[in-house]
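# Analysis of the macromolecular model
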Amino acid sequence: MTRFQKKLWIGLLIMTLLTPLGILLPQKFKAEGAWGEWGTDKLEKLLGHVPEGLKRWAGLWKSPIPDYNFGGEGASMTLQVFSYIVSGLLGIGICAFVAYMISRFMARHGK
Amino acid sequence: MHIPDGYLSPQTYLPLYGVSIGFWTIAQRKLKKQLSLKHVPYLAMAAAFSFVIMMFNIPIPGGTTGHAVGAAIIAILLGPWTAVLAVSVVLMIQALLFGDGGITALGANCFNMAVVMPFVSYGIFKLVKGKTARGSRIVVAAFLAGYLGLVVAALFTAFEFGIQPLIAAGANGRPLYAPYPLSVALPAMVLEHLFPFGVVEGLVTMLLLKYFLKHEPDLVYAVLDSSPNR
């Protein structure tokens, strides 16, 4: 790894440690989730019902760490912040690894 | 901008899977031809960067949240086809591991954020930059690339949401999938990305490009791209 690349990785790690801002600021400014990404309970509140097709497919995939939070919905902010950082570290590690492996097989010397 | 499962009808998500698979196939062919080994570590970092920048949810006080995607700077630094690959990997891992974006909607999400966005951003960057390789014009080009790239990606996403009530309704006439029509989805998503989310993407793109031009100018694909042997 070159010195420049090392610097970039340090930058990425610092960014990852700062990611809790991405949940703390929305909480502070009373902002909700993204438009169009409501859960079925929120849709029930918005519309008074959940569209049938949406209800059928919404629970299709049970991800291991839903919402980057392994404490579940009722988790304390401390646990959420911790989960968020751990998810960030896992995420950048796995993304980098997968992207590296895929591109490693495509790349050649001297191009 | 990550469409969850259940919001898109099969008539929408299946064709968009097809389109994304088409782009992945072309990307793989292109990269096999042009990707250099020295770019591999940067491609890995690009994916990590896109993942982490999407974790920074930006609040609109009392409203919704949104985030930058990072696809514009990746397209400028490493080329749009590389960005297709890097951002698609990220969206796949977000969906599988963190439930961010649906499995059925993965093709659509990849189309919006990993295909539309890098190509729009790259096109705008080249167009505004013109023949200059330095100076203030390139900075403006980078900002607009990020800004408009994200806004256009949001426009496509809003369109996919908004056509659902037209495509599929239940026996009682109520929409089966995403409930809001184009008249609601388009302004809601486009306005919030015009301000503030797009501005953040623009600034991130601009600042990172300045950093790379200063420290590793030979890496910047969109500047080298005009040389004859590319």
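Only a predicted model underlies this, so the values are computations on that prediction, with no experimental measurement involved. (Residues numbered from 1 in each chain as written. Chains lettered and ligands numbered in written order. Predicted model: local features only at pLDDT ≥ 70, side-chain atom pairs only at ≥ 80, totals over all residues.)

So, about the overall build of chain B. Counting its secondary structure elements, chain B contains nine helices and two strands. Reading chain B from its N end, one meets helices and strands in the order α-α-β-β-α-α-α-α-α-α-α. A compact globule built from 230 residues should have a C-alpha radius of gyration of about 17 Å, and chain B, at 18 Å, falls within 12% of that. The 230 residues of chain B split such that 60% are buried. (Helix = DSSP H or I, 4+ residues; strand = E, 2+ residues; numbered from the N terminus. Rg over C-alpha atoms; globule rule 2.2 N^0.38 Å. Buried ≥ 20, exposed ≤ 12 C-beta atoms within 10 Å, placed from the backbone.)

Right, let's talk about the overall build of chain A for a bit. Scanning chain A for helices and strands turns up five helices and zero strands. Each helix and strand of chain A, ordered N terminal to C terminal, gives the series α-α-α-α-α. For 111 residues, the compact-globule formula gives about 13 Å, and the C-alpha radius of gyration of chain A, at 19 Å, lies well above that figure. The buried share of chain A, reckoned over its 111 residues, is 28%. Long-range pairs, those at least 24 residues apart, make up 44% of the contacts in chain A between residues at least 6 apart in sequence. (Contact = placed C-beta atoms within 7 Å.)

It is worth spelling out the interface of chain A and chain B at this point. Each partner contributes to the interface: chain A provides 57 residues, whereas chain B provides 62 residues. Those elements that provide at least two residues to the side of chain A that touches chain B are α1 (3-18), α2 (21-28), α4 (52-58) and α5 (77-106) of chain A. Counting residues per element, the side of chain A that touches chain B draws most heavily on α5 of chain A, at 14 residues. Considering only residue class, the side of chain A that touches chain B consists of 35 nonpolar, 13 polar and nine charged. (Nonpolar A, V, L, I, M, F, W, Y, C, P; charged D, E, K, R; others polar.)

Here we take up the environment of Gly107 of chain B. All names here are of chain B. Its place among the elements puts Gly107 in helix α5 (residues 106-129). Gly107 sits 51 residues away from Phe56 along the chain, and the two C-alpha atoms are 23 Å apart. When sequence neighbours within four positions are dropped, the list of residues in contact with Gly107 reads Tyr13, Leu16, Tyr17 and Ser20.

Here the focus is the nonpolar core. Ranked by size, the top nonpolar core spans 110 residues in total, and within it Ala47, Ile76, Ala86 and Val87 of chain B carry the most contacts. There are two domains that each give this core at least three residues, and those are domain 1 (1-30 + 69-111) and domain 2 (34-61) of chain A. Not counting residues within four places of it along the chain, the set of residues in contact with Ala86 of chain B comprises Ala99 of chain A together with Leu43, Ala46, Ala47, Ser50 and Ile74 of chain B. (Core = buried A, V, L, I, M, F, W, Y, C linked by C-beta atoms within 7 Å. Domains from an automatic or database assignment.)

Residue and element names in this part refer to chain B. One can describe the packing of helix α1 (residues 10-34) onto helix α4 (residues 80-98) by two numbers: an axis separation of 9 Å at closest approach and a directional angle of 120 degrees. If you check the angle between α1 and α4, you find them oblique. Note on packing geometry: the crossing formed by α1 with α4 is left-handed. Of the residues in α4, those in contact with Phe23, Trp24, Ala27, Lys30 and Leu31 of α1 are Trp81, Thr82, Val84, Leu85 and Ser88. For the contact of α1 with α4, a count of residues per class yields seven nonpolar, two polar and one charged. (Axes fitted to C-alpha atoms, helices over the stretch in contact; angles between N-to-C directions. Parallel < 35°, antiparallel > 145°, perpendicular 65-115°, else oblique. Left-handed = near helix turned anticlockwise from the far one by under 90°.)

Attention shifts here to helix α3 (residues 71-78) of chain B. All names here are of chain B. Summarising burial for α3: eight of the eight residues are buried, a large majority. The inward-facing, buried residues of α3 contact α2 (40-53), α4, α5, α6 (136-162), α8 (182-215) and α9 (221-224). Looking one or two places after α3, you find Gly79, whose phi comes out positive at around 100 degrees.

A few words now on the confidence of the model for chain B. Across chain B, the average pLDDT comes to 95, with 97% of residues at or above 70. Here the complex is predicted with pTM 0.97, and the ipTM for its interfaces comes to 0.97. (pLDDT = per-residue confidence, 0-100.)

Right, let's get into the confidence of the model for chain A. When pLDDT is averaged along chain A, the result is 95; 97% of the residues meet or exceed 70. At the low end of the mean pLDDT range in chain A sits helix α3 (residues 40-47) of chain A, at 95; at the high end sits α1 of chain A, at 98.

A cis amide bond links Phe195 of chain B with the next residue in sequence, Pro196 of chain B, at an omega value of 10 degrees. As for its placement among the helices and strands, Pro196 of chain B is situated in helix α8. Unlike most non-glycine residues, Tyr68 of chain A shows phi in positive territory, near 55 degrees. Tracing the chain through its elements places Tyr68 of chain A in the loop between α4 and α5.

All names here are of chain B. As for its placement among the helices and strands, Leu78 is situated in helix α3. Remark: the alpha-carbon pair of Leu78 and Tyr180, spanning 102 residues in sequence, is separated by 37 Å. In contact with Leu78, other than residues within four places in its own chain, are His39, Tyr42, Leu43, Ala46, Ala83 and Tyr221.

Within the secondary structure, Ala44 of chain B sits in helix α2. Given 25 C-beta atoms within 10 Å, Ala44 of chain B falls into the buried group. Residues within four places of Ala44 of chain B in sequence aside, it is in contact with Ala96, Ala99 and Tyr100 of chain A.

The subject of this paragraph is the packing of α3 of chain B against α8 of chain B. Packed helices, taken two at a time, are described by their axes: the angle between them and the distance between them. Residues and elements named next belong to chain B. At a closest axis distance of 8 Å, the pairing of α3 and α8 adopts a crossing angle of 30 degrees. Put simply, α3 runs roughly parallel to α8. The hand of the α3/α8 crossing is right-handed. Along its contact with α3, which presents Ala72, Ile73, Ile76 and Leu77, the element α8 presents Glu201, Val204, Thr205, Leu208, Leu209 and Phe212. Across the contact of α3 with α8, the residue classes break down as eight nonpolar, one polar and one charged.

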